[in-house]
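So you can see what is in the structure, the chains are spelled out below.
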Amino acid sequence: MALLQIVTRPAGGRTVVAVSGEIDLDTEQTMQRALRLALARSSQGVDLDLAEVGFCDCSGLNALLRVRRTALADGKTVTVRTASPEVERLFALTGTSSLFAPARAPVNGVIVHDWHEHSAATHDRTEENEVSDEAEELRLEVVQLKRAMVTRPVIDLARGVLMASFGLSAEDAWSVLVDVSQHTNTKLHQLAEELVDSVNGPLLPDHVKQRISTAVAEVSRPA
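All chains use their own residue numbering, which begins from 1 and follows the written sequence. Only residues with pLDDT of 70 or above have their local features reported here, since the model is predicted, and side-chain atom pairs are shown and tallied only from 80 upward, although totals for entire chains, interfaces and linings are computed over all residues. For the side-chain quantities, the full set of heavy atoms in the structure was used; hydrogens and water were omitted.

Caption draft 1: Representation of helix H6 (residues 170-183) in the model. Put simply, DSSP marks the helices as runs of H or I at least four residues long and the strands as runs of E at least two long, and each gets a number from the N terminus on. Expected span of a helix: the number of residues minus one, times 1.5 Å. Here H6 contains 14 residues, and its C-alpha end-to-end distance of 20 Å stays within 8% of the 20 Å for a straight helix at 1.5 Å per residue. Among the residues making up H6, those that are buried are Ala173, Val176, Leu177, Asp179, Val180 and Ser181. Once H6 ends, the next one or two residues include Asn185, with phi positive near 55 degrees. The buried label goes to any residue with under 20% of its type's maximum accessible area, the exposed label to any with over 50%, and the partly exposed label to all in between, with areas taken from a 1.4 Å probe on protein chains only.

Rendered as structure tokens:
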């Protein structure tokens with residue numbers, strides 16, 4: 001599992017935050033706390049380097065959007081200076097790249113925001129920053145729905161595999177998934193994918209199978 005690593009450094013009135021590893025449901029709170037601290041230490045805002053992020057789901061994007069809202073309320077900004085292909089793809093799918101676009105120096109009173117040099121767009125800073133709470137909440141809701149659409153099917157399939165294999169209830173199957181994820185240091189979505197794939201594909205690693213057996217025994221034990 002790729003661990004989340006966050007390195008910060010001051011850069012004038014801003015703070016540069018370099019993130020590497022995976023940003024998902026398991027690590028979003030850690031990243032959000034680090035970004036809020038970096039934001040508090042800056043007078044102008046935070047610049048993100050996400051070039052080394054190997055995986056980012058919509059829970060990670062939600063964290064970025066929440067920190068961005070905090071920054072705007074304080075008269076600051078959160079920008080993404082560099083991003084990995086995985087992050088770029090997520091921004092493209094959710095239509096959120098422009099929200100984190102860096103701003104260049106004004107030209108004839110107009111501020112130009114760059115996402116990449118080949119896709120520059122012109123926006124008025126006031127219009128860009130004055131995003132209503134209602135619009136922001138709607139964007140968060142859309143992101144959460146898209147995340148659910150991506151992750152829920154494989155997790156539900158994995159629960160179904162456990163229910164059919166061990167005669168578990170849906171609630172107990174969920175408890176087993178969470179237990180195994182925690183004890184094997186495996187992302188929940190990754191564990192679900194491996195479990196589903198094992199039905200007709202490669203076998204699960206021995207330590208994962210052993211933990212599943214232990215977790216099933218624990219939830220099946222009479223109260």
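Caption draft 2: Inspection of the packing of helix H2 (residues 58-73) against helix H3 (residues 85-94) at higher detail. Following both chains from N to C, one finds H2 and H3 inclined at 75 degrees, their axes separated by 11 Å at the closest point. As judged from the angle between their axes, H2 and H3 are roughly perpendicular. Taking contact as the criterion, the partners of Cys58, Leu61 and Leu64 in H2 are, on H3, Leu90, Phe91 and Thr94. Of the residues contributing to the contact of H2 with H3, the split by class is 5 nonpolar, 1 polar and no charged. Here, axes are lines fitted to C-alpha atoms. For helices the fit covers the stretch in contact, and angles between N-to-C directions go from 0 to 180 degrees. In this scheme, roughly parallel covers angles under 35 degrees and roughly antiparallel covers those over 145, while 65 to 115 is roughly perpendicular and the rest are oblique. Any two residues whose heavy atoms approach within 4.5 Å at even a single point are treated as in contact. Throughout, the ten residues Ala, Val, Leu, Ile, Met, Phe, Trp, Tyr, Cys and Pro are labelled nonpolar, Asp, Glu, Lys and Arg are labelled charged, and all others, Gly among them, are labelled polar.

Caption draft 3: How the structure looks around the nonpolar core. Buried Ala, Val, Leu, Ile, Met, Phe, Trp, Tyr and Cys residues form a nonpolar core when they are joined through side-chain atoms within 4.5 Å. Leu35, Leu48, Leu50, Leu64 and Phe100 are the most contacted members of the largest nonpolar core, which has 28 residues in total. Those elements that place two or more of their residues in this core are strand S2 (14-23), helix H1 (28-40), strand S3 (45-56), H2, strand S4 (77-83) and H3. By residue number, the principal contributor to this core is H2, which donates 7 residues. Not counting the four nearest positions on each side in its chain, Phe100 is found in contact with Leu61, Leu64, Leu65, Arg68, Val78, Thr79, Val80 and Phe91. Grouped together as the second largest cluster of nonpolar side chains are 19 residues, Leu162, Val176, Leu188 and Ala192 included.

Caption draft 4: Broad picture of the pattern of salt bridges. Every case where a carboxyl oxygen of Asp or Glu lies within 4 Å of a side-chain nitrogen of Lys or Arg is listed as a salt bridge. Per the counting criterion, the structure on display carries 7 salt bridges. Linking Lys187 and Asp24 is a salt bridge whose minimum nitrogen-to-oxygen distance equals 3.4 Å. You can see Lys187 sitting in the loop between H6 and helix H7 (188-197) and its partner Asp24 sitting in the loop between S2 and H1, a full 163 residues away along the chain. Here the two residues Lys187 and Asp24 agree in accessibility, since each one is buried. Several salt bridges converge on common partners, so that one network encompasses Arg14, Asp47 and Arg81.

Caption draft 5: Spotlight on H1. Under the 1.5 Å per step criterion, the end-to-end length of H1 is 18 Å for 13 residues, consistent within 8% with the ideal 18 Å. If you check which residues of H1 are buried, you get Glu28, Met31, Gln32, Leu35, Ala38 and Leu39. An end-on view of H1 places all buried positions within 130 degrees of arc, on one side of the element. Turned more than 90 degrees away from the buried face of H1 sit Arg33 and Ala40, all of them exposed. In this structure, the buried residues of H1 make contact with strand S1 (5-11), S2, S3 and H2. Working definition: the arc comes from the directions between the helix axis and the C-beta atoms, pointing outward to the latter.

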